[in-house]
Amino acid sequence: MPKDSDRATSNRRSTSINSGRISTIHPSIFIVISALPFALIACLVVNKFALPIPIGDQWLDPIDAAIKASTNQLHWGDLFAMIEGHRSFTIRLLAVLGAFLVRLSPEIMKWSTWITSCLILATSVELVRHDPLIKGKIATKNLSLATLCLSAVAYAIHDQEGWTDYYFSTWQLSLLFFLIACLIIQRYKTRVAIQIGRAHV
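Residues numbered from 1 in each chain as written. Predicted model: local features only at pLDDT ≥ 70, side-chain atom pairs only at ≥ 80, totals over all residues. Heavy atoms only, no water.

### Things to note about unusual backbone geometry
Part 1 of the reasoning: Located in the positive-phi region is Asn 72, a residue other than glycine, with phi close to 60°.
Part 2 of the reasoning: The exposure class of Asn 72 is exposed, given its relative accessible area of 72%.
Part 3 of the reasoning: Phi at Arg 103 is positive, roughly 55°, even though this residue is not glycine.
Part 4 of the reasoning: Along the chain, Arg 103 falls in the loop between α5 (89–102) and α6 (106–109). (Buried < 20%, exposed > 50% of the residue type's maximum accessible area, 1.4 Å probe, protein only. Helix = DSSP H or I, 4+ residues; strand = E, 2+ residues; numbered from the N terminus.)

This is the structure we're talking about:
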């Protein structure tokens, strides 16, 4: 019967072998795999809705908010108004921005959820990239693995219709705003730490 020390040694060897195999994988492989879901969804967005008209619930309060914004009749209360038990502030804000930037063109607005997902992934990676836990010699590998995981999360949080209808992207927009706020706080803390370090020199 093998001793416990022999088993521990065997486990350590197998772990080192597996970690060695993972370390031999080039980090760019993880980046490519992370981009595949978004490339497939881009094909879906291009092919599923080709007609240049709003779809589904987009005819509801987003269009109303965009029309009021275009005619200078929009008030802050309109963005927070309740409809069917919900206050779709983020969707109305997106519609208002779309009205000013692209005249709420359906051909462009249908990409908004896809763009939001890409921004969620980019912001998350930027937060992880500056985290002190992944800095050092293994930073590149850890960042690549984190990118793959974050890509899976950003891909999975969508409603089945949310990729082509921005009306269902409420949680995605809220998450993006939250991540941007976290990124701002992170940058502020880093700047304060640098200033404090310089003051003690």
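Next comes the rest of the write-up.
### Describing the packing of aromatic side chains
Part 1 of the reasoning: Summed over all chains, the structure comprises three aromatic pairs.
Part 2 of the reasoning: Note on Phe 80 and Phe 89: the rings are 4.6 Å apart at their centroids and 10° apart in plane angle, and the pair reads as stacked.
Part 3 of the reasoning: Given a relative accessible area of 40%, Phe 80 falls into the partly exposed group.
Part 4 of the reasoning: We classify Phe 89 as partly exposed; its relative accessible area is 23%.
Part 5 of the reasoning: Here the aromatic rings of Tyr 167 and Phe 168 are separated by 6.2 Å at their centres, their planes lie at 85°, and the arrangement is edge-to-face.
Part 6 of the reasoning: Residue class for Tyr 167 comes out buried when judged on its relative accessible area of 14%. (Phe/Tyr/Trp six-rings, centres within 6.5 Å; stacked < 30°, edge-to-face > 60°.)

### Considerations on a nonpolar patch on the surface
Part 1 of the reasoning: A cluster of nonpolar side chains, Ile 29, Val 32, Ile 33 and Leu 36, forms an exposed patch at the surface whose accessible area comes to about 340 Å².
Part 2 of the reasoning: Along the chain, Ile 33 falls in helix α2 (residues 27–48). (Patch = residues over 30% accessible without salt bridge, like charges linked within 9 Å, V, L, I, M, F, W, Y side chains within 5 Å. Areas by Shrake-Rupley, 256 points an atom, 1.4 Å probe, with all protein chains shown as cover. Salt bridge = Lys/Arg side-chain N within 4 Å of Asp/Glu carboxyl O.)

### With respect to the packing of helix α7 (residues 112–129) against helix α9 (residues 170–199)
Part 1 of the reasoning: For the pair α7 and α9, interaxial distance at closest approach is 9 Å and the crossing angle is 25°. Relative to α9, the element α7 lies roughly parallel. Seen from above, α7 lies across α9 with left-handed handedness. Residues Thr 116, Leu 119, Ile 120, Thr 123, Ser 124, Glu 126 and Leu 127 of α7 touch α9, and the partners they reach there are Gln 172, Leu 173, Leu 175, Leu 176, Leu 179, Ile 180, Cys 182, Leu 183, Gln 186 and Arg 187. (Axes fitted to C-alpha atoms, helices over the stretch in contact; angles between N-to-C directions. Parallel < 35°, antiparallel > 145°, perpendicular 65-115°, else oblique. Left-handed = near helix turned anticlockwise from the far one by under 90°. Contact = heavy atoms within 4.5 Å.)

### Remarks on the nonpolar core
Part 1 of the reasoning: Grouped together as the largest cluster of nonpolar side chains are twelve residues: Phe 38, Ile 41, Val 45, Ile 120, Leu 121, Val 125, Leu 127, Ala 154, Trp 163, Leu 176, Leu 179 and Leu 183.
Part 2 of the reasoning: Mapped onto this core, the elements with two or more residues apiece are α2, α7 and α9.
Part 3 of the reasoning: Ranked by residue count, the leading element in this core is α7, at four residues.
Part 4 of the reasoning: Once residues within four sequence positions are removed from consideration, Ile 41 is found in contact with Trp 114, Tyr 155 and Trp 163.
Part 5 of the reasoning: Counting eleven residues, the second largest nonpolar core, distinct from the first, contains Ile 63, Ala 99, Tyr 166 and Leu 173. (Core = buried A, V, L, I, M, F, W, Y, C linked by side-chain atoms within 4.5 Å.)

### Quick word on the confidence of the model for the chain
Part 1 of the reasoning: Mean pLDDT over the chain stands at 75; residues scoring 70 or higher make up 75%.
Part 2 of the reasoning: Ignoring residues within four places in sequence, the model shows residues 14–20, a span with pLDDT below 50, making zero contacts including any to other chains. (pLDDT = per-residue confidence, 0-100.)

### So, helix α3 (residues 61–70)
Part 1 of the reasoning: Within the span of α3, buried status applies to Asp 61, Pro 62, Ile 63, Ala 65, Ala 66 and Ala 69.
Part 2 of the reasoning: Contacts from the buried residues of α3 go to α5.
Part 3 of the reasoning: One or two steps after α3, the chain reaches Asn 72, where phi turns positive at roughly 60°.

### A short note on α7
Part 1 of the reasoning: In this model α7 runs 25 Å from its N-terminal to its C-terminal C-alpha over 18 residues, within 8% of the 26 Å that 1.5 Å per residue would give.
Part 2 of the reasoning: Of all the residues in α7, the buried ones are Ser 112, Thr 113, Thr 116, Ser 117, Ile 120, Leu 121, Thr 123, Ser 124, Val 125 and Leu 127. (Expected span 1.5 Å × (residues − 1).)

### Section: the environment of Tyr 155
Part 1 of the reasoning: By secondary structure assignment, the location of Tyr 155 is in helix α8 (residues 139–156).
Part 2 of the reasoning: Using a relative accessible area of 38% as the deciding quantity, one classes Tyr 155 as partly exposed.
Part 3 of the reasoning: In the structure, Tyr 155 is positioned 38 residues away from Ser 117 in sequence and 7.3 Å away in space, judged by C-alpha atoms.
Part 4 of the reasoning: In contact with Tyr 155, other than residues within four places in its own chain, are Pro 37, Ile 41 and Trp 163.

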